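# Structural overview
Read off the chains here:
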Amino acid sequence: MTPASRAGGDDGIAALVPAPPVVPHVVRRARWSATAAYAAQGFGFAVMLTNVPTYERYLGIGPDVITLVILGVCVCAGTGSALSGWFAARFGSARVVTGGLLVAAAGILAVGLSAGAGLLATFFLAFAVYGLALGSVDASTSMQGIDVQRAYGRSLIASFFAANAAGGVVGSLAVSGAAGLGIALPVSLALVAAAVAVTVLVLRAGLLSRTAAVAVAGEAGEPGRVGGGTRQVPDGAAPVSGTDGGPTALGEGDRPGGAGGPAVRVPRATTGMVGAGTVIVLGLAMLAFPVADSAVSSWGATFLQDVLGASAVVGPLGFGAYQATLICSRLLGDRAVERWGRVRVVALGGAVGVVGLGLVAVSPVWPLAVLGFAATGLGLGVVAPMAFSAAGDRAAESVAGAAVAPVAPAAGGGLAAGGGPAAGVGPTVEEATDRAVARLNVFTYVGAVLGGAMTGVFATTDTLRLGFGVLAVLALATVVLAGRFREAVLPVARADQG
């Protein structure tokens, strides 16, 4: 008998997902290609941000102008994220990843050349192009990540985000090395652009195409049933696509309050797409992470030096501690989800983030503040990956709900389903996931803008300590809304009903 992996259900139900004896080669290759795409995106983004002082020196501009540039990048990235859903629906997320990374590489090259030539208007335009690409890649890599973990039948999304953070560390070190070697900005950014482009050429063939994603999901097998016909799908185990066209019969025990088991939670909408309200709630639940991330990266060193009197050597340690624990939380996040369930992991992570930010706000000395930054990364680092994973599960539920709606009484006392207008003609799980992820990813950039702007306001009024206190309160939303990160519960047909 095939061994099974256990996923702790968030309502106390243990979900058993059959572990495939051998993961198909195409899926293993897709996992490494997706990891490389996440890392390449993080690498390029870190290079662009950590070169800010160099931009100022080359173009003779001040922090106020750079602040507007970064704000513009966030707006463009949010736009690119929203557009990625449209492009993924037509070309597939794999092509959006590769195309977006190539456009990002071109934007990096153009930023370097325009700064070297002192062309301010071209510099702004190049950054806008890079921002559009950044948002599209950010969203489409998450689409790929969810497709791959769905094919694996277990949580992988946190490890992908860890690769993104690790790429950011490498990018920061690359900028430091270029500065130490005296490499001019146009040359260093040209090398970075080349590295990103070469990475695309290497990974492009391994990304999971839409056809492959659907085929692999179909071959992954039926997950174990829990109770009366309810399928618990932890973190993207192969779901019902909802496009086979055949009716699905739900047994007597699947009826709300039925004796055979718990009620099946079928989405009310029959379009097969995740509702805007669901996306908004997940976005608000994860908002604390991008806000805190922006605040720590932008104002962490300032807080340690100006508020707590730390030296210039100590100043960067806050962000360093935050980034290190963030990577650790993501490396451990998938195993934690498999053991305790996504809701418990998110609730605990949010609580640790609240404590971390609160400790920063009240710290009388810099060592305690650095510890608080470390706790913030450890707690909130896992929230964003799990939000996207939850979006994938909500998409699976929406498609399955469309396939079985409306529900009408059937002969023999069961519930016959599948007569709804969406049955057989609705979106696939992959299409619904791509659309939901594209919209959810917009909250990443909303949070980035809020984090930088909010703590900046507090900094200008000499109340930066209060700013981090406000962030701690905001992180409470993650704890309160953790239940929205639950694993998917899908209706399945009973073997004894024809």
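As the structure is a prediction and not an experimental result, all values here were calculated from the model.

For helix α16 (residues 464-480), which comprises 17 residues, the first-to-last C-alpha distance of 25 Å matches the rise-based estimate of 24 Å (1.5 Å per residue) to within 8%. Within α16, the full set of buried residues consists of Leu 464, Gly 467, Phe 468, Leu 471, Ala 472, Ala 475 and Thr 478. Take α16 and look down its axis: the buried residues cluster within an arc of 150°, on one side only. Projecting away from the buried face of α16 at angles above 90 degrees are the exposed residues Leu 466, Val 473 and Val 480.

Bringing the pattern of salt bridges into the picture now. Opposite charge on two side chains allows them to pair when their charged atoms are near. With the rule as written, the count across this model stands at five salt bridges. The shortest N-O distance in the salt bridge between Glu 338 and Arg 154 comes to 4.0 Å. Note that Glu 338 is positioned in helix α11 (residues 317-340) and Arg 154 in the loop between α5 (120-152) and α6 (157-181), a separation of 184 residues in sequence. Linked by salt bridges that have partners in common, Arg 394, Glu 397 and Arg 486 make up one network.

What follows is about the confidence of the model for the protein. This prediction gives the protein a mean pLDDT of 78; 75% of its residues lie at or above 70. Contacts for the low-pLDDT stretch residues 1-19, under 50 throughout, to residues beyond four places or in other chains number 53 contacts.

The next thing to look at is the side chain of Asn 51. As for its position among the elements, Asn 51 is in the loop between α1 (25-50) and α2 (52-59). Looking at Asn 51, the relative accessible area reads 6%, which means it is buried. From its side chain, Asn 51 meets the backbone oxygen of Val 47 in a polar contact 3.0 Å long. Sequence-distant contacts of Asn 51, defined by excluding residues within four places in its chain, comprise Val 175, Leu 185 and Leu 189.

Attention now moves to a nonpolar patch on the surface. A surface patch of nonpolar side chains, amounting to about 480 Å² of accessible area, comprises Leu 83, Trp 86, Phe 87, Phe 91 and Leu 132. Per-element accounting of the nonpolar patch gives the leading share, four residues, to helix α3 (residues 63-91). In this structure, Phe 91 sits in helix α3.

A complete count under the given rule lists 12 aromatic pairs for this structure. With a centroid separation of 5.5 Å and an interplanar angle of 50°, the aromatic rings of Tyr 38 and Phe 161 are classed as tilted. Here the residue Tyr 38 occupies a position in helix α1, and Phe 161 occupies one in helix α6, the gap between them amounting to 123 residues. Each of the two residues, Tyr 38 as well as Phe 161, counts as buried.

Attention shifts here to the side chain of Arg 486. Here Arg 486 shows up in the loop between α16 and β8 (488-491). There is a polar contact of 2.5 Å between the side chain of Arg 486 and the side chain of Glu 397.

Moving on to the packing of α1 against α6. Taken N-terminus to C-terminus, the directions of α1 and α6 make an angle of 40°; their axes are 6 Å apart at the nearest point. Every pair of crossing elements has a handedness; the one defined by α1 and α6 is right-handed. For the pair formed by α1 and α6, the contact residues are Arg 31, Ala 34, Thr 35, Tyr 38, Ala 39, Gln 41, Gly 42, Phe 43, Ala 46, Val 47 and Thr 50 on the first element and Ile 157, Phe 160, Phe 161, Ala 163, Asn 164, Gly 167, Gly 168, Val 170, Gly 171, Ser 172, Ala 174 and Val 175 on the second. Counted by class, the contact of α1 with α6 contains 13 nonpolar, nine polar and one charged residues.

It is worth spelling out the environment of Val 148 at this point. With respect to the helices and strands, Val 148 occurs in helix α5. The exposure class assigned to Val 148 is buried, which follows from its relative accessible area of 1%. When the C-alpha atoms of Val 148 and Trp 32 are compared, they prove to be 9.9 Å apart, with 116 residues separating the residues in sequence. Among all residues touching Val 148, those that are not within four sequence positions of it are Val 27, Ala 30, Arg 31, Leu 156, Phe 160 and Leu 208.

What counts as what
Within each chain, residue numbers correspond to sequence positions counted from 1 in written order. Local features in this predicted model are restricted to residues of pLDDT 70 or higher, and side-chain atom pairs are both shown and tallied only at a pLDDT of 80 or more, whereas totals for entire chains, interfaces and linings draw on every residue. Side-chain numbers come from the whole structure's heavy atoms, not from hydrogens or water. Strands are runs of DSSP state E lasting at least two residues, helices are runs of H or I lasting at least four, and both sets are numbered from the N terminus onward. Expected span of a helix, by definition, is 1.5 Å for each gap between consecutive residues, and there is one gap fewer than residues. Only protein chains enter the calculation, and the probe is 1.4 Å; a residue is then buried if its accessible area is under 20% of its type maximum, exposed if over 50%, and partly exposed in between. The directions from the helix axis to the C-beta atoms are what the arc is built from. Any Lys or Arg side-chain nitrogen found within 4 Å of a carboxyl oxygen on Asp or Glu counts as a salt bridge. pLDDT is a per-residue confidence score from the predictor, ranging from 0 to 100. What makes two residues a contact is simply this: any of their non-hydrogen atoms within 4.5 Å. Polar contacts here mean pairs of N or O atoms no more than 3.5 Å apart (in protein, one a potential hydrogen donor and the other a potential acceptor; neighbouring residues in sequence count only if both atoms are side-chain atoms). A patch consists of residues exposed above 30% relative accessible area that lack any salt bridge, with like charges linked at up to 9 Å and nonpolar side chains (Val, Leu, Ile, Met, Phe, Trp, Tyr) linked at up to 5 Å. Methods summary: accessible areas were calculated by the Shrake-Rupley approach with a probe of 1.4 Å, and residue burial reflects only the protein chains presented. Classification of ring pairs uses Phe, Tyr and Trp, with its six-membered ring standing for Trp, and accepts pairs whose centres are within 6.5 Å; under 30 degrees between planes counts as stacked, over 60 as edge-to-face, and the remaining range as tilted. Orientation is described by axes fitted as lines to C-alpha atoms, over the contacting stretch for helices, and by angles from 0 to 180 degrees between their N-to-C directions. Here a crossing is taken to be left-handed if its near helix is turned anticlockwise relative to the far helix by less than a right angle, and right-handed if that turn runs clockwise. Here the term charged refers only to Asp, Glu, Lys and Arg, the term nonpolar to Ala, Val, Leu, Ile, Met, Phe, Trp, Tyr, Cys and Pro, and the term polar to all other amino acids, Gly among them.

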